[in-house]
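Read off the chains here:
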Amino acid sequence: MTAGWRWPIAQFLPQPPAGGTSSAPYGALDVPPPFTGAARTHPIPHGAGRAASREQLLGEGMAPGTNDKQPAETKDDERVTALRRFAAAGRNWRRARLAGSAVLMAIALTGGAIALGAARDGAAAPVATSSAVDPALLASGDLATTIASLQAHLRTQPKDSDSWATLGLAYVEQARTKGDPSRYPQAEKSLKRALQITPDNDQALAAEAALAAARHEFAQALTYADQALKQNPYSANALSSRIDALVELGRYDEASKAADLADQRKPGVPVFTRYAYVRELRGDVKGAQRVLQQALSTATSKGDTSYVAAQLGLLAWNQGDYKSALDYYARALAADENYLPALEGRARAQAASGDRADAIKGMELVVSRYPLPQPLVELGELYEDRNAKGDKEKAEDQYALVEAWIALARANGVNADLDTALAAADHGNKAEALKAARAEWARRHTVHTADALAWALHVNGKDKEALPYARQATATGYHNASFLYHQGMIELANGEKAAGRAALTKALKLNPGFSPLGARTARKALEDSK
(Lines give C-alpha, C1' and ligand atoms only; values in the text may rest on other atoms or scores of the structure.)
Protein backbone atom coordinates (compact mmCIF):
# COMPACT_ATOMS: atom_id res chain seq x y z
CA MET A 1 0.00 0.00 0.00
CA THR A 2 1.38 3.34 -0.94
CA ALA A 3 -0.24 5.69 1.54
CA GLY A 4 2.32 6.94 4.00
CA TRP A 5 5.18 6.69 1.54
CA ARG A 6 6.85 9.77 0.18
CA TRP A 7 7.62 9.90 -3.51
CA PRO A 8 11.03 11.23 -4.57
CA ILE A 9 11.33 14.78 -3.43
CA ALA A 10 13.45 16.35 -6.06
CA GLN A 11 10.70 16.75 -8.59
CA PHE A 12 8.64 18.70 -6.06
CA LEU A 13 11.24 20.85 -4.34
CA PRO A 14 11.56 24.46 -5.37
CA GLN A 15 14.90 26.14 -5.66
CA PRO A 16 15.86 29.60 -4.43
CA PRO A 17 15.57 32.11 -7.28
CA ALA A 18 18.66 32.42 -9.43
CA GLY A 19 20.79 35.27 -8.27
CA GLY A 20 18.87 35.78 -5.05
CA THR A 21 18.49 34.51 -1.53
CA SER A 22 15.44 32.76 -0.20
CA SER A 23 13.70 31.97 3.01
CA ALA A 24 11.31 29.98 0.90
CA PRO A 25 9.50 26.78 1.65
CA TYR A 26 9.85 23.37 0.18
CA GLY A 27 12.58 21.53 1.83
CA ALA A 28 11.07 18.22 2.83
CA LEU A 29 13.02 15.43 1.27
CA ASP A 30 12.42 12.00 -0.27
CA VAL A 31 8.99 11.92 -0.28
CA PRO A 32 7.12 12.22 -1.21
CA PRO A 33 8.09 12.40 -2.37
CA PRO A 34 7.44 13.41 -3.34
CA PHE A 35 4.46 12.06 -4.03
CA THR A 36 3.32 14.19 -2.06
CA GLY A 37 4.78 14.20 -2.22
CA ALA A 38 4.96 14.07 -1.30
CA ALA A 39 5.06 16.73 -2.35
CA ARG A 40 4.81 20.79 -2.90
CA THR A 41 2.89 22.87 -5.24
CA HIS A 42 3.84 26.53 -4.96
CA PRO A 43 6.68 28.42 -6.52
CA ILE A 44 9.00 29.46 -3.77
CA PRO A 45 8.59 32.80 -2.08
CA HIS A 46 11.59 35.09 -2.00
CA GLY A 47 13.19 36.06 1.28
CA ALA A 48 14.69 39.45 1.99
CA GLY A 49 18.26 39.72 3.20
CA ARG A 50 20.22 37.05 5.04
CA ALA A 51 18.17 34.53 6.96
CA ALA A 52 18.97 33.47 10.50
CA SER A 53 21.10 30.40 11.02
CA ARG A 54 19.65 27.22 12.51
CA GLU A 55 21.37 28.03 15.79
CA GLN A 56 19.83 31.51 15.81
CA LEU A 57 16.48 29.98 14.91
CA LEU A 58 16.62 27.86 18.01
CA GLY A 59 17.43 30.98 20.01
CA GLU A 60 16.49 34.50 19.09
CA GLY A 61 14.45 33.90 15.95
CA MET A 62 14.51 34.48 12.22
CA ALA A 63 14.12 37.62 10.17
CA PRO A 64 10.79 37.95 8.41
CA GLY A 65 10.43 37.25 4.69
CA THR A 66 8.18 38.68 2.06
CA ASN A 67 6.32 35.59 0.88
CA ASP A 68 2.95 35.77 -0.83
CA LYS A 69 0.68 32.99 -1.91
CA GLN A 70 0.40 32.03 -5.52
CA PRO A 71 -2.68 33.35 -7.31
CA ALA A 72 -4.98 30.83 -8.92
CA GLU A 73 -4.70 30.41 -12.67
CA THR A 74 -7.86 29.90 -14.66
CA LYS A 75 -6.07 27.87 -17.32
CA ASP A 76 -5.03 25.31 -14.72
CA ASP A 77 -8.65 24.44 -14.04
CA GLU A 78 -9.35 24.08 -17.75
CA ARG A 79 -6.38 21.81 -18.26
CA VAL A 80 -7.20 19.60 -15.31
CA THR A 81 -10.85 19.43 -16.41
CA ALA A 82 -9.67 18.15 -19.76
CA LEU A 83 -7.45 15.63 -18.05
CA ARG A 84 -10.30 14.36 -15.89
CA ARG A 85 -12.39 13.80 -19.02
CA PHE A 86 -9.69 11.48 -20.27
CA ALA A 87 -9.62 9.79 -16.88
CA ALA A 88 -13.32 8.93 -17.16
CA ALA A 89 -12.35 6.61 -19.99
CA GLY A 90 -9.34 5.31 -18.10
CA ARG A 91 -10.37 1.67 -18.00
CA ASN A 92 -10.46 1.57 -21.80
CA TRP A 93 -6.92 2.86 -22.34
CA ARG A 94 -5.15 1.71 -19.23
CA ARG A 95 -3.14 -0.92 -21.08
CA ALA A 96 -3.19 -0.90 -24.88
CA ARG A 97 -3.56 2.85 -25.26
CA LEU A 98 -1.29 3.97 -22.47
CA ALA A 99 1.13 5.76 -24.78
CA GLY A 100 -1.74 7.60 -26.44
CA SER A 101 -3.07 8.54 -23.05
CA ALA A 102 0.22 10.14 -22.17
CA VAL A 103 -0.15 12.36 -25.21
CA LEU A 104 -3.67 13.32 -24.14
CA MET A 105 -2.45 13.96 -20.61
CA ALA A 106 0.30 16.21 -21.93
CA ILE A 107 -2.19 18.19 -23.96
CA ALA A 108 -4.49 18.49 -20.97
CA LEU A 109 -1.71 19.67 -18.66
CA THR A 110 -0.22 22.17 -21.08
CA GLY A 111 -3.32 23.47 -22.81
CA GLY A 112 -2.18 21.89 -26.07
CA ALA A 113 0.93 24.04 -26.30
CA ILE A 114 3.45 21.32 -25.50
CA ALA A 115 3.27 17.55 -25.76
CA LEU A 116 5.86 14.86 -25.15
CA GLY A 117 8.87 17.06 -24.80
CA ALA A 118 8.37 19.69 -27.45
CA ALA A 119 10.78 22.47 -26.57
CA ARG A 120 9.41 25.29 -28.69
CA ASP A 121 8.21 28.36 -26.83
CA GLY A 122 4.94 29.96 -27.74
CA ALA A 123 5.08 32.90 -30.10
CA ALA A 124 2.92 35.22 -28.04
CA ALA A 125 4.61 37.08 -25.21
CA PRO A 126 4.30 40.56 -23.77
CA VAL A 127 6.98 43.06 -24.65
CA ALA A 128 9.54 43.49 -21.90
CA THR A 129 9.54 46.93 -20.36
CA SER A 130 13.09 46.58 -19.05
CA SER A 131 16.38 45.54 -20.55
CA ALA A 132 16.83 42.96 -17.79
CA VAL A 133 14.63 40.62 -15.81
CA ASP A 134 15.03 40.42 -12.06
CA PRO A 135 15.51 36.77 -11.03
CA ALA A 136 13.35 37.49 -8.00
CA LEU A 137 10.40 37.36 -10.39
CA LEU A 138 10.67 33.60 -9.92
CA ALA A 139 9.29 34.22 -6.44
CA SER A 140 6.43 36.43 -7.56
CA GLY A 141 3.95 33.57 -7.71
CA ASP A 142 3.15 34.20 -11.39
CA LEU A 143 5.53 31.95 -13.28
CA ALA A 144 3.69 32.36 -16.57
CA THR A 145 4.27 36.12 -16.52
CA THR A 146 7.86 35.64 -15.44
CA ILE A 147 8.54 33.21 -18.27
CA ALA A 148 6.87 35.44 -20.83
CA SER A 149 8.95 38.42 -19.67
CA LEU A 150 12.14 36.40 -19.86
CA GLN A 151 11.27 35.16 -23.33
CA ALA A 152 10.62 38.70 -24.52
CA HIS A 153 13.85 39.95 -22.99
CA LEU A 154 15.88 37.15 -24.56
CA ARG A 155 14.50 37.93 -28.01
CA THR A 156 16.27 41.27 -27.80
CA GLN A 157 19.23 40.12 -25.65
CA PRO A 158 19.90 36.53 -26.78
CA LYS A 159 23.40 36.45 -25.24
CA ASP A 160 22.24 37.14 -21.69
CA SER A 161 23.35 33.86 -20.11
CA ASP A 162 21.98 34.73 -16.65
CA SER A 163 18.48 35.25 -18.09
CA TRP A 164 18.72 31.95 -19.96
CA ALA A 165 19.65 30.31 -16.65
CA THR A 166 16.74 31.99 -14.86
CA LEU A 167 14.37 30.90 -17.63
CA GLY A 168 15.58 27.32 -17.34
CA LEU A 169 15.01 27.33 -13.59
CA ALA A 170 11.57 28.86 -14.12
CA TYR A 171 10.66 25.96 -16.42
CA VAL A 172 11.82 23.47 -13.77
CA GLU A 173 9.69 25.27 -11.20
CA GLN A 174 6.71 25.33 -13.56
CA ALA A 175 7.03 21.60 -14.15
CA ARG A 176 7.01 21.02 -10.41
CA THR A 177 4.12 23.32 -9.57
CA LYS A 178 1.90 22.04 -12.37
CA GLY A 179 2.95 18.40 -12.27
CA ASP A 180 3.87 18.85 -15.92
CA PRO A 181 7.13 17.10 -16.92
CA SER A 182 6.81 18.33 -20.52
CA ARG A 183 8.48 21.55 -19.31
CA TYR A 184 11.77 19.79 -18.64
CA PRO A 185 12.94 19.72 -22.28
CA GLN A 186 12.37 23.47 -22.40
CA ALA A 187 14.47 23.87 -19.26
CA GLU A 188 17.20 21.72 -20.77
CA LYS A 189 17.27 23.80 -23.94
CA SER A 190 17.47 27.09 -22.02
CA LEU A 191 20.25 25.91 -19.71
CA LYS A 192 22.26 24.51 -22.59
CA ARG A 193 22.07 27.92 -24.23
CA ALA A 194 23.21 29.63 -21.03
CA LEU A 195 26.25 27.38 -20.71
CA GLN A 196 27.14 27.80 -24.39
CA ILE A 197 27.37 31.54 -23.78
CA THR A 198 29.10 31.33 -20.38
CA PRO A 199 30.42 27.81 -19.61
CA ASP A 200 31.14 28.57 -15.95
CA ASN A 201 27.83 30.32 -15.18
CA ASP A 202 27.10 29.21 -11.63
CA GLN A 203 23.39 30.03 -11.94
CA ALA A 204 23.08 27.76 -14.97
CA LEU A 205 25.11 24.97 -13.34
CA ALA A 206 22.95 25.16 -10.22
CA ALA A 207 19.81 25.11 -12.36
CA GLU A 208 21.19 22.06 -14.18
CA ALA A 209 21.49 20.41 -10.76
CA ALA A 210 17.85 21.23 -10.02
CA LEU A 211 16.76 19.88 -13.41
CA ALA A 212 18.74 16.66 -12.98
CA ALA A 213 17.25 16.15 -9.52
CA ALA A 214 13.76 16.79 -10.85
CA ARG A 215 14.36 14.08 -13.44
CA HIS A 216 15.63 11.78 -10.67
CA GLU A 217 19.17 11.77 -12.04
CA PHE A 218 20.70 12.35 -8.64
CA ALA A 219 24.33 11.48 -9.37
CA GLN A 220 24.25 14.00 -12.19
CA ALA A 221 22.57 16.52 -9.91
CA LEU A 222 25.40 16.15 -7.40
CA THR A 223 28.01 16.68 -10.11
CA TYR A 224 26.34 19.88 -11.31
CA ALA A 225 25.88 21.16 -7.75
CA ASP A 226 29.55 20.64 -7.00
CA GLN A 227 30.53 22.41 -10.23
CA ALA A 228 28.30 25.36 -9.34
CA LEU A 229 29.77 25.59 -5.85
CA LYS A 230 33.28 25.76 -7.28
CA GLN A 231 32.18 28.90 -9.09
CA ASN A 232 30.09 30.28 -6.24
CA PRO A 233 30.39 28.62 -2.80
CA TYR A 234 27.34 30.59 -1.61
CA SER A 235 24.92 29.52 -4.36
CA ALA A 236 21.66 28.84 -2.56
CA ASN A 237 20.43 26.66 -5.44
CA ALA A 238 23.55 24.53 -5.48
CA LEU A 239 23.69 24.14 -1.71
CA SER A 240 20.07 22.97 -1.64
CA SER A 241 20.43 20.64 -4.61
CA ARG A 242 23.55 19.10 -3.11
CA ILE A 243 21.67 18.13 0.06
CA ASP A 244 18.81 16.70 -1.99
CA ALA A 245 21.12 14.68 -4.21
CA LEU A 246 23.03 13.17 -1.29
CA VAL A 247 19.80 12.21 0.48
CA GLU A 248 18.39 10.65 -2.67
CA LEU A 249 21.60 8.71 -3.19
CA GLY A 250 21.32 7.31 0.33
CA ARG A 251 24.45 9.08 1.53
CA TYR A 252 22.83 10.32 4.71
CA ASP A 253 25.98 11.13 6.70
CA GLU A 254 27.24 13.31 3.87
CA ALA A 255 23.80 14.89 3.52
CA SER A 256 23.87 15.86 7.18
CA LYS A 257 27.26 17.52 6.72
CA ALA A 258 26.02 19.24 3.57
CA ALA A 259 23.05 20.62 5.52
CA ASP A 260 25.41 21.97 8.18
CA LEU A 261 27.52 23.65 5.50
CA ALA A 262 24.47 25.15 3.82
CA ASP A 263 23.27 26.43 7.19
CA GLN A 264 26.58 28.23 7.66
CA ARG A 265 26.58 29.77 4.20
CA LYS A 266 22.92 30.37 3.30
CA PRO A 267 20.64 29.77 6.31
CA GLY A 268 16.93 29.84 5.72
CA VAL A 269 13.81 27.72 5.57
CA PRO A 270 15.03 25.55 2.64
CA VAL A 271 18.02 24.54 4.74
CA PHE A 272 16.06 24.16 8.00
CA THR A 273 13.52 21.82 6.42
CA ARG A 274 16.20 19.76 4.72
CA TYR A 275 18.08 19.54 8.00
CA ALA A 276 14.89 18.43 9.76
CA TYR A 277 14.24 15.71 7.21
CA VAL A 278 17.77 14.32 7.46
CA ARG A 279 17.21 14.06 11.22
CA GLU A 280 13.84 12.38 10.70
CA LEU A 281 15.36 9.79 8.36
CA ARG A 282 17.75 8.81 11.13
CA GLY A 283 14.99 8.46 13.70
CA ASP A 284 15.43 11.82 15.45
CA VAL A 285 11.79 12.86 15.27
CA LYS A 286 12.06 15.19 18.27
CA GLY A 287 15.04 16.97 16.74
CA ALA A 288 13.22 17.40 13.43
CA GLN A 289 10.11 18.62 15.20
CA ARG A 290 12.07 21.10 17.31
CA VAL A 291 13.68 22.74 14.29
CA LEU A 292 10.37 22.96 12.42
CA GLN A 293 8.47 24.31 15.44
CA GLN A 294 11.05 27.03 16.02
CA ALA A 295 10.94 27.90 12.32
CA LEU A 296 7.17 28.17 12.48
CA SER A 297 7.20 30.28 15.62
CA THR A 298 9.38 32.88 13.93
CA ALA A 299 7.76 32.79 10.48
CA THR A 300 5.96 35.99 9.51
CA SER A 301 5.41 35.44 5.80
CA LYS A 302 2.45 33.48 4.47
CA GLY A 303 4.62 31.24 2.33
CA ASP A 304 6.91 30.22 5.18
CA THR A 305 3.99 29.72 7.57
CA SER A 306 1.99 27.52 5.21
CA TYR A 307 4.99 25.43 4.22
CA VAL A 308 6.50 24.82 7.66
CA ALA A 309 3.08 24.19 9.24
CA ALA A 310 2.33 21.60 6.55
CA GLN A 311 5.68 19.92 7.20
CA LEU A 312 4.86 19.73 10.89
CA GLY A 313 1.48 18.28 9.96
CA LEU A 314 3.13 15.55 7.94
CA LEU A 315 5.58 14.79 10.73
CA ALA A 316 2.71 14.54 13.23
CA TRP A 317 0.70 12.32 10.90
CA ASN A 318 3.66 9.97 10.49
CA GLN A 319 3.65 9.54 14.28
CA GLY A 320 -0.12 8.91 14.42
CA ASP A 321 -0.86 12.25 16.09
CA TYR A 322 -3.82 13.16 13.89
CA LYS A 323 -5.16 15.96 16.08
CA SER A 324 -1.86 17.82 15.95
CA ALA A 325 -1.60 17.10 12.24
CA LEU A 326 -5.03 18.61 11.60
CA ASP A 327 -4.14 21.63 13.74
CA TYR A 328 -0.96 22.24 11.76
CA TYR A 329 -2.76 21.83 8.45
CA ALA A 330 -5.41 24.29 9.63
CA ARG A 331 -2.66 26.77 10.42
CA ALA A 332 -1.12 26.26 6.99
CA LEU A 333 -4.47 26.81 5.30
CA ALA A 334 -5.16 29.88 7.41
CA ALA A 335 -2.04 31.37 5.83
CA ASP A 336 -2.92 30.11 2.35
CA GLU A 337 -6.31 28.50 1.81
CA ASN A 338 -5.19 27.03 -1.53
CA TYR A 339 -1.96 25.47 -0.32
CA LEU A 340 -2.22 22.02 -1.86
CA PRO A 341 0.23 20.10 0.36
CA ALA A 342 -1.89 21.19 3.35
CA LEU A 343 -5.12 20.24 1.57
CA GLU A 344 -3.64 16.85 0.73
CA GLY A 345 -2.29 16.33 4.23
CA ARG A 346 -5.59 17.34 5.81
CA ALA A 347 -7.43 14.80 3.68
CA ARG A 348 -4.94 12.11 4.69
CA ALA A 349 -5.34 12.98 8.40
CA GLN A 350 -9.12 13.03 8.06
CA ALA A 351 -9.05 9.54 6.57
CA ALA A 352 -6.84 8.29 9.39
CA SER A 353 -9.22 9.88 11.92
CA GLY A 354 -12.20 8.02 10.43
CA ASP A 355 -13.67 10.97 8.53
CA ARG A 356 -13.68 9.21 5.17
CA ALA A 357 -16.32 11.39 3.50
CA ASP A 358 -14.39 14.61 4.04
CA ALA A 359 -11.14 12.85 3.20
CA ILE A 360 -12.46 11.77 -0.19
CA LYS A 361 -13.88 15.20 -0.87
CA GLY A 362 -10.58 16.81 0.04
CA MET A 363 -8.43 14.43 -2.00
CA GLU A 364 -10.75 14.83 -5.00
CA LEU A 365 -10.09 18.57 -4.79
CA VAL A 366 -6.33 17.99 -4.73
CA VAL A 367 -6.23 15.67 -7.75
CA SER A 368 -8.63 17.89 -9.67
CA ARG A 369 -5.93 20.56 -9.54
CA TYR A 370 -2.73 18.53 -9.62
CA PRO A 371 -3.14 14.92 -10.76
CA LEU A 372 0.15 13.60 -9.40
CA PRO A 373 0.81 9.92 -8.59
CA GLN A 374 0.69 9.92 -4.79
CA PRO A 375 -2.66 11.71 -4.29
CA LEU A 376 -4.11 9.76 -7.23
CA VAL A 377 -3.16 6.47 -5.58
CA GLU A 378 -4.40 7.64 -2.20
CA LEU A 379 -7.75 8.68 -3.67
CA GLY A 380 -8.03 5.35 -5.44
CA GLU A 381 -7.44 3.50 -2.18
CA LEU A 382 -10.04 5.64 -0.41
CA TYR A 383 -12.55 4.67 -3.09
CA GLU A 384 -11.61 1.00 -2.68
CA ASP A 385 -11.99 1.24 1.08
CA ARG A 386 -15.43 2.86 0.79
CA ASN A 387 -16.48 0.24 -1.79
CA ALA A 388 -19.74 1.93 -2.77
CA LYS A 389 -21.35 1.43 -6.15
CA GLY A 390 -19.02 2.66 -8.87
CA ASP A 391 -16.04 3.05 -6.51
CA LYS A 392 -14.09 0.21 -8.08
CA GLU A 393 -14.27 1.93 -11.45
CA LYS A 394 -13.37 5.28 -9.89
CA ALA A 395 -10.32 3.73 -8.25
CA GLU A 396 -9.23 2.17 -11.54
CA ASP A 397 -9.49 5.59 -13.18
CA GLN A 398 -7.05 7.03 -10.65
CA TYR A 399 -4.57 4.22 -11.17
CA ALA A 400 -4.85 4.61 -14.94
CA LEU A 401 -3.98 8.28 -14.58
CA VAL A 402 -0.89 7.33 -12.58
CA GLU A 403 0.29 5.14 -15.44
CA ALA A 404 -0.39 7.92 -17.93
CA TRP A 405 1.56 10.41 -15.82
CA ILE A 406 4.49 8.00 -15.60
CA ALA A 407 4.47 7.51 -19.37
CA LEU A 408 4.44 11.28 -19.86
CA ALA A 409 7.27 11.70 -17.37
CA ARG A 410 9.42 9.10 -19.10
CA ALA A 411 8.79 10.74 -22.47
CA ASN A 412 10.21 13.97 -21.06
CA GLY A 413 13.44 12.54 -19.68
CA VAL A 414 12.29 11.69 -16.14
CA ASN A 415 13.55 8.49 -14.54
CA ALA A 416 10.22 7.19 -13.26
CA ASP A 417 11.30 3.75 -12.03
CA LEU A 418 10.57 4.45 -8.36
CA ASP A 419 7.20 5.94 -9.26
CA THR A 420 6.41 2.80 -11.25
CA ALA A 421 7.53 0.48 -8.47
CA LEU A 422 5.50 2.28 -5.80
CA ALA A 423 2.26 2.44 -7.76
CA ALA A 424 2.36 -0.76 -9.79
CA ALA A 425 3.20 -3.13 -6.93
CA ASP A 426 -0.31 -2.75 -5.52
CA HIS A 427 -2.27 -1.27 -8.40
CA GLY A 428 -0.67 -2.27 -11.66
CA ASN A 429 1.63 -4.75 -13.36
CA LYS A 430 3.55 -6.52 -10.59
CA ALA A 431 6.27 -7.75 -12.91
CA GLU A 432 6.83 -4.21 -14.15
CA ALA A 433 6.96 -3.01 -10.54
CA LEU A 434 9.76 -5.45 -9.77
CA LYS A 435 11.68 -4.59 -12.93
CA ALA A 436 11.49 -0.90 -12.08
CA ALA A 437 12.40 -1.45 -8.42
CA ARG A 438 15.48 -3.46 -9.36
CA ALA A 439 16.56 -0.79 -11.83
CA GLU A 440 16.21 1.95 -9.23
CA TRP A 441 18.06 -0.04 -6.59
CA ALA A 442 20.92 -0.48 -9.04
CA ARG A 443 21.17 3.33 -9.23
CA ARG A 444 20.89 4.24 -5.56
CA HIS A 445 20.47 2.67 -2.15
CA THR A 446 18.06 4.61 0.08
CA VAL A 447 15.49 3.58 2.65
CA HIS A 448 12.81 4.27 0.05
CA THR A 449 14.37 2.23 -2.74
CA ALA A 450 15.03 -0.61 -0.28
CA ASP A 451 11.38 -0.60 0.80
CA ALA A 452 10.11 -0.38 -2.79
CA LEU A 453 12.29 -3.31 -3.87
CA ALA A 454 11.28 -5.38 -0.84
CA TRP A 455 7.59 -4.88 -1.50
CA ALA A 456 7.89 -5.49 -5.24
CA LEU A 457 9.71 -8.75 -4.53
CA HIS A 458 7.00 -9.72 -2.02
CA VAL A 459 4.06 -9.15 -4.35
CA ASN A 460 5.91 -11.26 -6.92
CA GLY A 461 6.28 -14.15 -4.46
CA LYS A 462 10.00 -13.67 -3.81
CA ASP A 463 9.78 -13.30 -0.05
CA LYS A 464 13.16 -14.80 0.88
CA GLU A 465 14.92 -12.31 -1.38
CA ALA A 466 12.70 -9.48 -0.11
CA LEU A 467 13.46 -9.86 3.59
CA PRO A 468 16.93 -8.25 3.82
CA TYR A 469 15.73 -5.24 1.81
CA ALA A 470 12.69 -4.81 4.07
CA ARG A 471 14.93 -4.79 7.13
CA GLN A 472 17.37 -2.41 5.49
CA ALA A 473 14.52 0.05 4.89
CA THR A 474 13.88 0.32 8.63
CA ALA A 475 17.50 0.10 9.77
CA THR A 476 18.12 3.86 10.06
CA GLY A 477 15.35 4.27 12.63
CA TYR A 478 13.08 6.17 10.24
CA HIS A 479 9.57 6.14 11.75
CA ASN A 480 7.43 4.99 8.84
CA ALA A 481 4.45 2.71 9.47
CA SER A 482 4.26 1.67 5.83
CA PHE A 483 7.83 0.38 5.93
CA LEU A 484 7.09 -1.55 9.12
CA TYR A 485 3.92 -2.97 7.60
CA HIS A 486 5.85 -4.20 4.57
CA GLN A 487 8.55 -5.69 6.80
CA GLY A 488 5.98 -7.47 8.95
CA MET A 489 4.09 -8.96 6.01
CA ILE A 490 7.35 -10.18 4.46
CA GLU A 491 8.54 -11.68 7.74
CA LEU A 492 5.25 -13.55 8.14
CA ALA A 493 5.57 -14.82 4.57
CA ASN A 494 9.01 -16.15 5.50
CA GLY A 495 7.62 -18.02 8.50
CA GLU A 496 9.09 -15.58 11.04
CA LYS A 497 5.88 -15.24 13.00
CA ALA A 498 7.16 -13.44 16.10
CA ALA A 499 9.15 -10.88 14.14
CA GLY A 500 6.33 -10.32 11.68
CA ARG A 501 3.73 -9.79 14.37
CA ALA A 502 6.07 -7.42 16.21
CA ALA A 503 6.61 -5.29 13.08
CA LEU A 504 2.89 -5.15 12.26
CA THR A 505 2.03 -4.26 15.85
CA LYS A 506 4.63 -1.52 15.81
CA ALA A 507 3.27 -0.15 12.52
CA LEU A 508 -0.28 0.07 13.84
CA LYS A 509 0.87 1.57 17.13
CA LEU A 510 2.95 4.19 15.35
CA ASN A 511 0.36 5.25 12.79
CA PRO A 512 -2.83 3.16 12.86
CA GLY A 513 -4.27 5.02 9.87
CA PHE A 514 -1.18 4.90 7.66
CA SER A 515 -3.25 3.45 4.80
CA PRO A 516 -6.95 2.55 4.61
CA LEU A 517 -6.15 -0.71 2.85
CA GLY A 518 -2.76 -1.46 4.41
CA ALA A 519 -3.92 -0.95 7.99
CA ARG A 520 -6.88 -3.26 7.40
CA THR A 521 -4.60 -5.93 5.92
CA ALA A 522 -2.18 -5.58 8.84
CA ARG A 523 -4.95 -6.08 11.40
CA LYS A 524 -6.22 -9.15 9.55
CA ALA A 525 -2.70 -10.59 9.35
CA LEU A 526 -2.29 -10.16 13.10
CA GLU A 527 -5.59 -11.88 13.72
CA ASP A 528 -4.80 -14.75 11.35
CA SER A 529 -1.33 -15.31 12.83
CA LYS A 530 -2.42 -15.70 16.45
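This one's a predicted model, so the numbers in the text were calculated from it and none came from an experiment.

**Student:** Any details on the overall build of the protein chain? Residues and values, ideally.
**Tutor:** Each helix and strand counted, the protein chain has 26 helices and 0 strands in total. When the accessible surface of the protein chain is totalled, it reaches about 19,300 Å², and 50% of it is carbon and sulfur.

**Student:** I'd like a rundown of the packing of aromatic side chains, residues and numbers included.
**Tutor:** Counted by the stated rule, this structure contains 5 aromatic pairs. Between Trp 441 and Tyr 469, the aromatic rings sit 5.2 Å apart at their centres with planes inclined by 80°, giving edge-to-face as the arrangement. Note that Trp 441 is positioned in helix H21 (residues 430-443) and Tyr 469 in helix H23 (residues 463-473), a separation of 28 residues in sequence. Of the residues examined, Trp 441 reaches a relative accessible area of 12% and is grouped as buried. In textbook terms, an aromatic cluster arises when at least three aromatic residues are bridged by ring pairs, as seen for Tyr 277, Tyr 478 and Phe 483. Taking NZ or CZ as reference, Arg 265 lies 5.9 Å from the ring centre of Tyr 234, over its face.

**Student:** Let's hear about helix H9 (residues 218-231): which residues, and what values?
**Tutor:** A rise of 1.5 Å per residue sets the reference length of H9, with its 14 residues, at 20 Å; its end C-alpha atoms lie 20 Å apart and thus fit the reference within 8%. Here H9 has its buried residues at Phe 218, Ala 221, Leu 222, Ala 225, Ala 228 and Leu 229. What you see down the axis of H9 is that its buried residues fit within an arc of 130°, all on one side. Tucked inside the fold, the buried residues of H9 contact helix H8 (202-214) and helix H10 (236-248).

**Student:** Can you explain the confidence of the model for the protein chain? Please cite residues and give values.
**Tutor:** Residue-level pLDDT values for the protein chain average 80, and 73% of them are 70 or greater. Low pLDDT, under 50, characterises residues 85-137; the predicted model gives this stretch 104 contacts beyond four residues in sequence or across chains.

**Student:** Before we move on, could you go through the pattern of salt bridges and cite the residues and values that matter?
**Tutor:** The full count for this structure, using the stated rule, is 23 salt bridges. In this structure, Asp 385 and Arg 520 form a salt bridge, with 3.2 Å as the shortest nitrogen-oxygen distance. Of this pair, Asp 385 sits in helix H18 (residues 373-386) while Arg 520 is found in helix H26 (residues 516-528), placing the two residues 135 residues apart along the sequence. The partner of Asp 417 in a salt bridge is Arg 443, with the nearest N and O atoms 2.7 Å apart. Highlighted residues: Asp 417 in helix H20 (residues 417-427) and Arg 443 in helix H21, separated in sequence by 26 residues. When its relative accessible area of 9% is taken as the criterion, Asp 417 is described as buried. One connected set of salt bridges, linked through shared partners, spans Glu 248, Arg 410, Asp 417, Glu 440, Arg 443 and Arg 444.

**Student:** Help me get a handle on the side chain of Arg 274, residues and values and all.
**Tutor:** The topology assignment puts Arg 274 in helix H12 (residues 269-281). Within the structure, the side chain of Arg 274 is placed 2.8 Å from the side chain of Asp 244, a separation counted as a polar contact. From its side chain, Arg 274 meets the backbone oxygen of Pro 270 in a polar contact 3.2 Å long.

**Student:** Can you explain the packing of helix H5 (residues 143-156) against helix H6 (residues 161-178)? Please cite residues and give values.
**Tutor:** For any two helices packed against each other, one specifies the inter-axial angle together with the distance between the axes. Across the interface, H5 lies against H6 with an axial gap of 10 Å and an inter-helix angle of 155°. Judged on the interaxial angle alone, H6 and H5 are roughly antiparallel. Between H5 and H6 lies a crossing whose hand is left-handed. Counting all contacts with H5, which are made through Leu 143, Ala 144, Ile 147, Leu 150, Gln 151, His 153 and Leu 154, the residues of H6 involved are Ser 163, Trp 164, Thr 166, Leu 167, Ala 170, Tyr 171, Glu 173, Gln 174 and Thr 177.

**Student:** Let's hear about the environment of Tyr 275: which residues, and what values?
**Tutor:** Tracing the backbone shows Tyr 275 in helix H12. For Tyr 275, a relative accessible area of 17% translates into the label buried. When the C-alpha atoms of Tyr 275 and Ala 258 are compared, they prove to be 9.1 Å apart, with 17 residues separating the residues in sequence.

**Student:** Account for the environment of Ala 493, naming residues and giving values.
**Tutor:** Turning to its location among the elements, Ala 493 is positioned in helix H24 (residues 481-493). Taking the C-alpha atoms as reference points, Ala 493 and Lys 462, 31 residues apart in sequence, are found 9.5 Å from one another. Apart from the residues lying within four places of it in its own chain, the contact partners of Ala 493 are His 458 and Asp 463.

**Student:** Describe the environment of Ala 400, and please don't skip the residues or the numbers.
**Tutor:** Inspection of the secondary structure assignment puts Ala 400 in helix H19 (residues 391-411). A relative accessible area of 0% places Ala 400 in the buried class. When the C-alpha atoms of Ala 400 and Val 377 are compared, they prove to be 9.7 Å apart, with 23 residues separating the residues in sequence.

Parameters and conventions
- Residues numbered from 1 in each chain as written.
- Predicted model: local features only at pLDDT ≥ 70, side-chain atom pairs only at ≥ 80, totals over all residues.
- Heavy atoms only, no water.
- Helix = DSSP H or I, 4+ residues; strand = E, 2+ residues; numbered from the N terminus.
- Areas by Shrake-Rupley, 256 points an atom, 1.4 Å probe, with all protein chains shown as cover.
- Phe/Tyr/Trp six-rings, centres within 6.5 Å; stacked < 30°, edge-to-face > 60°.
- Buried < 20%, exposed > 50% of the residue type's maximum accessible area, 1.4 Å probe, protein only.
- Lys NZ or Arg CZ within 6 Å of the ring centre and 35° of its normal.
- Expected span 1.5 Å × (residues − 1).
- Arc of directions from axis to C-beta.
- Contact = heavy atoms within 4.5 Å.
- pLDDT = per-residue confidence, 0-100.
- Salt bridge = Lys/Arg side-chain N within 4 Å of Asp/Glu carboxyl O.
- Polar contact = N/O pair within 3.5 Å; in protein donor to acceptor, adjacent residues only side chain to side chain.
- Axes fitted to C-alpha atoms, helices over the stretch in contact; angles between N-to-C directions.
- Parallel < 35°, antiparallel > 145°, perpendicular 65-115°, else oblique.
- Left-handed = near helix turned anticlockwise from the far one by under 90°.

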